[in-house]
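# Structure at a glance
Each chain, letter by letter, is given below.
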Amino acid sequence: MLSACSSSSSSGDSGDKKDSGKLEIFSWWTGAGEEDGLKALIKLFEEKYPDVPIENAAVAGGAGTNAKAVLASRMQGNDPPATFQVHGGAELNEGWVKAGKMEPIDDLYEKEGLNDKFPKDLIDMVSKDGKIYSVPVNIHRGNVLWYNKKVFEENDLEAPTTFDEFFKVADQLKAKGITPLALGDKEPWTATQVFENVLLGKLGAEEYLKLWNGELAFDDPKVVEAIETFKKMLSYINEDHSSRNWQDASQLVAKGEAAMNMMGDWAKGYFVNDLKLKVNEDFGYVATPETEGQFMVITDTFGLPKGVKKADDVKKFLAVLGSVEGQDAFNPLKGSIPARTDADVSKYDQYGKDTMEDFKAAKLAPSLAHGSAAPEGYVTKVNQAVNIFVTQKDVKGFVESLKAASSELK
Ligand code: BGC
C-alpha cells in the first residue's frame, strides 16, 4: 500500500493529478522520525519565499521502498516532481543522470558559492562527467550500533566494538532472556544494511569498495567469512523481525525489550524526536563491530529534473537547502550531520558533534542498501537475496545469488 502525505496542501498521491502550481518536494520522509527535518526546511523556505507555495509530496516507506517506484513511473511519464530526494552516488549518477533526466546545476553552485562548502568526496558523489547534478542536504552514517544504556548497565555490559565482543555480549543477553539484536526487515533493506556493515567490518573500506567494481569476488574467502558472521548474528534477532519496520525494531531497543540495533542515524532522530529519549542517557552508540574509523556514507540530495516548470523556483529551494541555515534547520532533527563543512556545530547534540568529528577522519564507504555503491537493479537483487538468506541461512546459495546479481554492476 502506498500512502502519500502532504503538509502544505492536498494531493501528493499519484494518479491523474492536475498541476497544483505549487513547488512539489518529493521524498519518503513521512511520519515517525522522518519528517521533522523536512518540515523545518519547508518552513524556512516559506518564510524566505512566501510567494512560492510548497507541496510536500512525500510517499511513506523506509529507504524509499515505495517512493522510488512512484518516482520511476512519474519520471517515465515525463511528470517529474519539481525536485526529489535521491542518494548521491550510483542512484543519482548511474540512474537519473545517465538516463538523461537531470539538468546540471553547476551555475547554482557557482552563484551560491557552494563549490568549496562541501567535502570534495561528497561533490564527487553528486557529479558525473565533470558536471554537478544535485545538492546534498545531509550526511547520514549507516554503520551505527545503538544500544539501550539501562539494559547494558544493569547487566554490567560494555558496548561491543569487535565481532567477538558482540557475540559475547549477545550470549549474555540471550541467557537473561533479552533479545540481543533488534531487526525489522518487513522492508528488506534493513537486513541488507546489517549485512553491508558486517562486510565493512570484515573487509575494511578499501576491500569493500572493490566489491562494487568487480575487483573482489563474492566468493572470496573474506566475503564468505562476512556472510558466516552475518548468519551468526541472525541467530540473535527478534522472532517477529519480518513483521516490523525499522521504527518498530528501534522501539524494541527503546523499551529495553532488545538491547541493540544496527541502523543509520535517522534512528537517532526517531529516538530523540518521537520517543523523547536522551542521547547518552537512554541510549548509547558505537560504530558497528570493527568499523571504527570508517564511515558508511548515505547522503540525501535534491536536484533539478529536466522539463520541470519554474526551474528558478526549484533553484531557490535548492539554495535554501544548501545554505548553512537550511542545513542547520534540517539536520539536528533528522539525525544526520550537515553536508556543509561550515555549519554551526553548537546546534547539534553530542551524537552530532561526535559524528562530525568522526566523518573528518574516517575512511568513507558508500552504502549499498541506500543505493550509493551500486545501481538500483543490483540493489534490488541483493535485497531479494538477503531476504531469502535471513530465513534460509544458506551461505552457498547466498554467495551464488550475489555472484549472479553482479551482471547488474556493469
Ligand atoms: C535515507 C534517510 C532515511 C532512511 C529511512 C535512507 O535511505 O537516506 O534519509 O531516513 O532511508 O527511511
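Here, the structure is the one placed above.
The structure reproduced in this document is the subject of the present report. (Residues numbered from 1 in each chain as written. Predicted model: local features only at pLDDT ≥ 70, side-chain atom pairs only at ≥ 80, totals over all residues. Heavy atoms only, no water.)

### Quick word on the overall build of the protein
Our working definition: Only runs of H or I of at least four residues qualify as helices and only runs of E of at least two qualify as strands under DSSP, and these elements are numbered from the N terminus. As a reference, a globule follows 2.2 Å times the number of residues to the power 0.38, and the radius of gyration itself is taken over C-alpha atoms. Throughout, a residue-residue contact means that at least one pair of heavy atoms, one from each residue, lies within 4.5 Å. Working definition of accessibility: Shrake-Rupley area with a 1.4 Å probe, residue cover restricted to the visible protein chains.
If you tally the helices and strands in the protein, you get 16 helices and 16 strands. Rg of the C-alpha trace for the protein: 20 Å, near the compact-globule value of 22 Å for 410 residues, within the 12% margin. Dimensions along the principal axes, computed over C-alpha positions, put the protein at roughly 60 × 45 × 40 Å. In the protein, 77% of the contacts between residues at least 6 apart in sequence involve partners at least 24 apart. As displayed, the protein offers around 16,500 Å² of accessible surface, 48% of which is attributable to carbon and sulfur atoms.

### A short note on the sheet that holds strand β13 (residues 283-287)
Here is the rule we go by: At least two bridges found by DSSP between two strands are what make those strands a pair. Lines are fitted to the C-alpha atoms to define the axes, a helix being fitted only along its stretch in contact, and any angle between axes, read from their N-to-C directions, falls within 0 to 180 degrees.
Spatially, β11-β12-β10-β13 is the arrangement adopted by the four strands of the open sheet, whose pairing is mixed. Every other strand in the sheet has two partners, leaving β11 (179-182) and β13 as the edge strands with one partner each. Across the sheet, the mean angle from the axis of one strand to that of its neighbour is 25°, orientation sign disregarded. Here strand β10 (residues 144-148) runs beside strand β12 (residues 258-262); their pairing, made up of three bridges, is antiparallel. Among the inter-strand pairings, tyrosine 147 is bridged to a residue of β12, identified as methionine 260.

### Side note on the pairing of β13
Let me state the cut-off plainly: Burial classes: relative accessible area under 20% of the type maximum marks a residue as buried, over 50% as exposed, and values in between as partly exposed (1.4 Å probe, protein chains only).
Within β13, four of the five residues are buried, which leaves the element mostly enclosed by the surrounding structure. Strand direction decides the pairing type here: β10 and β13, joined by five bridges, are antiparallel. Each bridged residue has a counterpart across the sheet, and for leucine 145 the counterpart in β13 is valine 286.

### Side note on the side chain of serine 134
Convention followed: Polar contact criterion, stated in full: a pair of N or O atoms within 3.5 Å, where within protein one must be able to donate a hydrogen and the other to accept it, and residues adjacent in sequence count only if both atoms are side-chain atoms.
Checked against the element boundaries, serine 134 lands in strand β8 (residues 134-136). Take serine 134: its relative accessible area is 0%, and that puts it in the buried class. In this structure the side chain of serine 134 is engaged in a polar contact, spanning 2.8 Å, whose partner is the side chain of threonine 301. Not counting residues within four places of it along the chain, the set of residues in contact with serine 134 comprises Leu92, Ile105, Tyr109, Val126, Thr301, Phe302 and Gly303.

### Re the site of the ligand
Selection rule: Any residue with a heavy atom positioned within 4 Å of a molecule or strand is treated as near that molecule or strand. Side-chain classes follow a simple rule in which Ala, Val, Leu, Ile, Met, Phe, Trp, Tyr, Cys and Pro form the nonpolar group, Asp, Glu, Lys and Arg form the charged group, and the remainder, Gly included, forms the polar group.
In the neighbourhood of the ligand, 14 residues make up the surrounding shell, with Glu34, His87, Asp300, Lys334 and His370 lying closest. A distance of 2.8 Å separates an oxygen atom of the ligand from a polar atom in the backbone of alanine 63. Protein chains shield 100% of the accessible area of the ligand, which is 310 Å² for the free molecule. Split into classes, the residues belonging to the shell around the ligand amount to six nonpolar, five polar and three charged.

### Describing the environment of phenylalanine 330
Relative to the helices and strands, phenylalanine 330 is located in helix α13 (residues 324-334). What makes phenylalanine 330 buried here is its relative accessible area of 0%. Along the sequence, phenylalanine 330 and glutamate 35 sit 295 residues apart, while their C-alpha atoms lie 9.6 Å from each other. Here phenylalanine 330 is in contact with Trp29, Gly37, Leu38, Leu41, Val137, Asn138 and Ser336, once residues within four sequence places are set aside.

### As for the sheet that holds strand β9 (residues 140-141)
If you walk across this open sheet you meet the three strands as β9-β14-β16, and the pairing is mixed. Of all the strands in the sheet, the pair left with one neighbour each is β9 and β16 (363-366). Each of β9, β14 (294-298) and β16 touches helix α14 (residues 350-361); the most contacted strand, β14, lies at about 105° to it.

### Some words on the packing of helix α11 (residues 266-274) against α13
Quick reminder of the rule: Orientation labels follow simple angle bins: below 35 degrees gives roughly parallel, above 145 gives roughly antiparallel, 65 to 115 gives roughly perpendicular, and whatever is left gives oblique.
Put simply, α11 and α13 touch, their axes get as near as 7 Å, and they point 80° apart. Taken together, the axes of α11 and α13 lie roughly perpendicular to each other. Each of Trp266, Lys268, Gly269 and Asn273 in α11 lies in contact with α13, whose residues at this interface are Pro332, Leu333 and Lys334. In terms of residue class, the contact of α11 with α13 is made up of three nonpolar, two polar and two charged.

### Concerning a negative patch on the surface
Quick reminder of the rule: Exposure above 30% relative accessible area and no salt bridge define the residues that can form patches, which grow by joining like charges within 9 Å and nonpolar side chains of Val, Leu, Ile, Met, Phe, Trp and Tyr within 5 Å. We define a salt bridge as a contact between a side-chain nitrogen of Lys or Arg and a carboxyl oxygen of Asp or Glu at a distance within 4 Å. Residues scored as positive are Lys and Arg, those scored as negative are Asp and Glu, and His as well as the terminal groups of each chain are ignored. Where a charge sits is defined by one atom per residue type, namely NZ (Lys), CZ (Arg), CG (Asp) or CD (Glu).
Together, Asp156, Glu158, Asp164, Glu165 and Glu290 line one region of the surface with negative charge. Of note, glutamate 158 is situated in the loop between α6 (149-154) and α7 (163-175).

### A look at helix α2 (residues 67-76)
Note the cut-off: Throughout, the arc means that of the directions going from the helix axis to the C-beta atoms.
All of the buried residues in α2 are Ala67, Lys68, Val70, Leu71, Arg74 and Met75. Down the axis, α2 shows its buried residues gathered within 160° of arc, on one side only. Turned more than 90 degrees from where α2 packs its buried face, Ala69 and Gln76 sit exposed. At the exit of α2 stands asparagine 78, carrying a positive phi of roughly 50°.

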